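Next come the chains, spelled out residue by residue.
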Amino acid sequence: MTVDVVAVEKELARIQRELTNSEVRTSLFNLVVFSRNAAETMASEALNYLLGKRAARVIHIVSDPAADGEIESRLDVSARCYVDAERKSVCFQEIVITNGSDGAGGAPGSWVPLLVRDIPTIILWLDTLRDRREVLAHAQEQAEKVLVDTEHSNFARRPGGRHPR
Amino acid sequence: MASLNRSGTADTWITSRSRWRRAQAWGRGGNYYERAGALRDMIQNHTFQLLAITAMEPPNDTNPESIRGEKVKVIRSISPITFNEPERHLVRAQYAAGVVDGNEVPGYLEEDGVDPASTTETYTALRLYLDSWRWAGVPFVLRTGKRLSRKVTEIAVHFKPPPLQFFGRVGTPLQRNVLSIRIQPQEGITLNVNAKIPGHATAVRPVNMDFAYGSSFGRVVPEAYERLLFDAMKGDNTLYTRNDEIEASWSFINRILDFWAAQRGPLPQYAAGSAGPDEARALLAGGGRRWRRI
């Protein structure tokens with residue numbers, strides 16, 4: 001996988017043009033989601049809630065190659081747009097990086113160049129912390145806020161059997 | 001701009017993109033980069049030009065000598081680095097293996113044509129001060145590096161907060177307003193400001209006001225060397241560095257090179273594809289300022 005930032009930006013712009021004829025609001029924040037697999041329920045819920053409310057760039061890094069049968073890291077781009085009351089499109093620019101067995105997809109050198117600069121970055125960590133603490137530490141350096149869902153992170157369970165959240 | 005001075009500016013960051021050219025390491029022309037390093041290759045010339053243009057006083061006219069005369073005053077006003085606490089002013093490092101643009105890359109010492117015991121720096125960051133009424137006390141952070149997470153050349157002016165932040169009293173503290181002048185890629189200017197979120201609640205969020213040359217004028221910006229060659233044919237030397245400016249810059253750079261030459265041991269390392277070495281954070285330690293992300 002080679003991350004060609006210029007090509008990604010062009011493709012996102014092209015998709016947005018196809019989706020909407022109206023003026024497009026600029027992204028207000030970056031949301032970087034780390035999860036084991038692509039169909040992470042909580043990530044989908046969060047994105048569905050935000051869709052149409054805040055224009056954002058969403059970078060979803062899927063860490064488990066076995067789950068999707070991937071061997072090489074790969075990158076896909078898409079966009080979802082919603083026309084608001086002022087006839088302006090509120091778009092999610094979505095970039096999905098599927099981490100391959102080479103581990104390159106989760107490295108900062110793969111996704112940091114894709115962040116929109118000078119706007120807040122939020123990390124949503126839905127991945128395990130086992131063997132992934134270094135990745136989280138690098139991600140923290142890029143973020144204003146880091147949200148870790150301990151349901152996924154292999155913390156010790158409380159006596160009642162529930163994870164701390 | 002009226003705020004580009006010690007009253008309005010908290011600090012200024014100049015980041016220079018340093019392209020990785022394999023020919024450098026393989027020795028075209030006798031392994032140039034191994035003998036040069038980031039300080040000579042980028043800071044002394046490219047980055048100092050950006051510093052001079054950012055900090056210079058407005059020239060009286062557009063005559064080449066008027067402009068070049070103002071630029072050399074900036075370079076001459078750079079306060080010499082004292083080596084009592086070098087880590088607070090100066091960082092050099094080499095990249096280790098990592099991932100750049102999705103591809104695994106070797107460390108600098110494993111590159112073809114590089115001495116395995118090389119102490120050539122592939123990353124340099126400096127914190128400078130200018131001895132002038134306009135800029136006294138304002139840090140200028142200059143940095144350049146190979147194999148960083150993002151390839152960017154920009155000037156970022158971080159403005160001081162207003163004396164009274166009535167919005168900042170509610171909720172999270174406000175970020176500083178930032179003026180970013182992008183040279184590469186996507187030439188343009190971004191003003192990042194705190195804007196009140198519409199509605200009844202008193203809440204503020206940073207937003208970007210963007211200007212991009214590419215989309216605003218609809219024409220391709222000429223390559224830098226295309227312009228320089230054209231100017232040379234016309235006999236316009238505005239963008240060429242005058243000898244007194246070159247001498248002033250080398251007198252500053254040579255002190256650092258002499259200091260480094262006396263140092264022993266391997267250089268600090270940073271992973272290729274990262275934002276640079278951890279040691280760079282010490283440049284702003286204690287000032288309450290934040291390291292600007294690449």
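(A) View of the overall build of chain B. Regarding its fold elements, chain B presents 6 helices and 11 strands. By the compact-globule yardstick of 19 Å for 294 residues, chain B fits well, its C-alpha radius of gyration being 20 Å. Counting only C-alpha atoms and orienting by the principal axes, one finds that chain B spans roughly 65 × 45 × 45 Å. For chain B, contacts bridging at least 24 residues in sequence account for 70% of all contacts bridging at least 6. Split by element, the accessible area of chain B, about 15,200 Å² in all, is 55% carbon and sulfur. With 38 positive and 30 negative side-chain charges, chain B shows a spacing of 7 Å between the two charge centroids.

(B) Molecular detail of the side chain of B:Ser16. All names here are of chain B. By secondary structure assignment, the location of Ser-16 is in strand β1 (residues 9-17). Since its relative accessible area comes to 3%, Ser-16 is described here as buried. Of the polar contacts made by the side chain of Ser-16, one reaches the side chain of Thr-47; its length is 2.9 Å. For Ser-16, the contacting residues outside a window of four places in its chain are Met-42, Thr-47, Leu-50, Arg-143, Thr-144, Gly-145, Val-152 and Thr-153.

(C) Layout of the sheet that holds strand β8 (residues 178-184) of chain B. Residue and element names in this part refer to chain B. Reading across the sheet, the 9 strands line up as β10-β9-β8-β7-β1-β6-β5-β2-β11 and stay open at both edges, with mixed pairing between neighbours. Strands with a single pairing partner mark the edges of an open sheet, and in this sheet they are β10 (204-212) and β11 (269-271). Across this sheet, the average inter-strand angle for adjacent strands is 20 degrees, counted without regard to direction. Bridge count between β1 and strand β6 (residues 140-145): 6 bridges; the pairing is parallel. Within the sheet, the bridge partner assigned to Arg-17 lies in β6 and is Gly-145. Helix α6 (residues 243-261) contacts β2 (90-96) and β5 (123-128) of the sheet and is inclined by roughly 65 degrees relative to β2.

(D) The arrangement of the interface of chain B and chain A in detail. Tallying the contact residues gives 23 residues for chain B and 22 residues for chain A. The contact between chain B and chain A buries some 2,100 Å² in all, and 41% of this surface belongs to carbon and sulfur atoms. Of all residues in chain B, the largest losses of buried area upon contact with chain A belong to B:Asp101, B:Arg150 and B:Arg293, amounting jointly to 28% of the total for that side. For the pair chain B and chain A, the number of links is 3 salt bridges. Among the ionic pairs, B:Glu154 bridges to A:Arg117, the shortest N-O distance being 2.6 Å. Every element with two or more residues in the side of chain B that touches chain A is listed here: β3 (98-100), β4 (103-105) and β10 of chain B.

(E) Examining the nonpolar core more closely. Residue and element names in this part refer to chain B. Within the largest apolar cluster, 34 residues are counted, with the highest numbers of intra-cluster contacts made by Phe-48, Leu-51, Leu-126, Leu-128, Phe-140 and Phe-252. Those elements that place two or more of their residues in this core are α2 (32-55), α3 (64-76), β5, β6, β7 (153-159) and α6. Those residues in contact with Leu-126, other than ones at most four positions away along the chain, are Leu-39, Ile-43, Ile-81, His-89, Leu-90, Phe-140, Val-141, Leu-142, Phe-252, Ile-256 and Leu-283. In this structure, Tyr-33, Val-141, Ala-156 and Ile-294 belong to the second largest nonpolar core, which totals 23 residues.

(F) The state of the cysteines, seen in detail. Residue and element names in this part refer to chain A. If you walk through the whole model with that rule in mind, you get 1 disulfide over all chains. Each sulfur of the disulfide joining Cys-81 and Cys-91 lies 2.0 Å from the other. The chirality of the disulfide connecting Cys-81 with Cys-91 is right-handed, given an S-S dihedral of about 105 degrees. With Cys-81 in strand β3 (residues 74-83) and Cys-91 in strand β4 (residues 89-98), this residue pair connects regions lying 10 residues apart in the sequence. Taking relative accessible area as the criterion, Cys-91 reaches 2% and is therefore assigned buried.

Definitions and cut-offs
- Position numbers for residues count from 1 along each chain, tracking the sequence in the order it is written.
- All chains are assigned letters beginning at A, and all ligands numbers beginning at 1, according to the order in which they are written.
- Totals for whole chains, interfaces and linings use every residue, but because this is a predicted model, local features are given only for residues with pLDDT of at least 70 and side-chain atom pairs only at 80 or more, for both listing and counting.
- Only hydrogens and water are removed before side-chain values are computed, so all heavy atoms of the structure are retained for them.
- Numbered from the N terminus, helices here are DSSP runs of H or I no shorter than four residues, and strands are runs of E no shorter than two.
- For a compact globule the rule gives 2.2 Å times the number of residues to the power 0.38, and the radius of gyration it is set against comes from C-alpha atoms.
- In what follows, residue pairs with any heavy atoms lying within 4.5 Å of each other are defined as contacts.
- Here the open area of atoms and residues is found with the Shrake-Rupley method and a 1.4 Å probe, where only the protein chains shown may cover a residue.
- The charge count includes Lys and Arg as positive and Asp and Glu as negative, but it does not include His or the ends of the chains.
- For this purpose, a charge sits on NZ of Lys, CZ of Arg, CG of Asp or CD of Glu.
- Burial classes follow relative accessibility: with a 1.4 Å probe on protein chains only, a residue under 20% of its type's maximum area counts as buried, one over 50% as exposed, and anything between as partly exposed.
- The term polar contact refers here to a pair of N or O atoms within 3.5 Å; inside protein, the definition further demands a hydrogen-donor-capable atom paired with an acceptor-capable atom, and it admits residues adjacent in sequence only when both atoms are side-chain atoms.
- Pairing between strands requires that DSSP locate at least two bridges from one strand to the other.
- Working convention: axes come from line fits to C-alpha atoms, limited for helices to the stretch in contact. Angles between N-to-C directions cover 0 to 180 degrees.
- Note on terms: buried area is the combined drop in 1.4 Å-probe accessible area of two parts once they are placed together, counting the loss on both.
- Salt bridge criterion: a side-chain nitrogen from Lys or Arg within 4 Å of a carboxyl oxygen from Asp or Glu.
- Only buried residues count toward a nonpolar core, which is a set of Ala, Val, Leu, Ile, Met, Phe, Trp, Tyr and Cys residues joined through side-chain atoms within 4.5 Å.
- Only a pair of cysteine sulfur atoms within 2.5 Å counts as a disulfide in this structure description.

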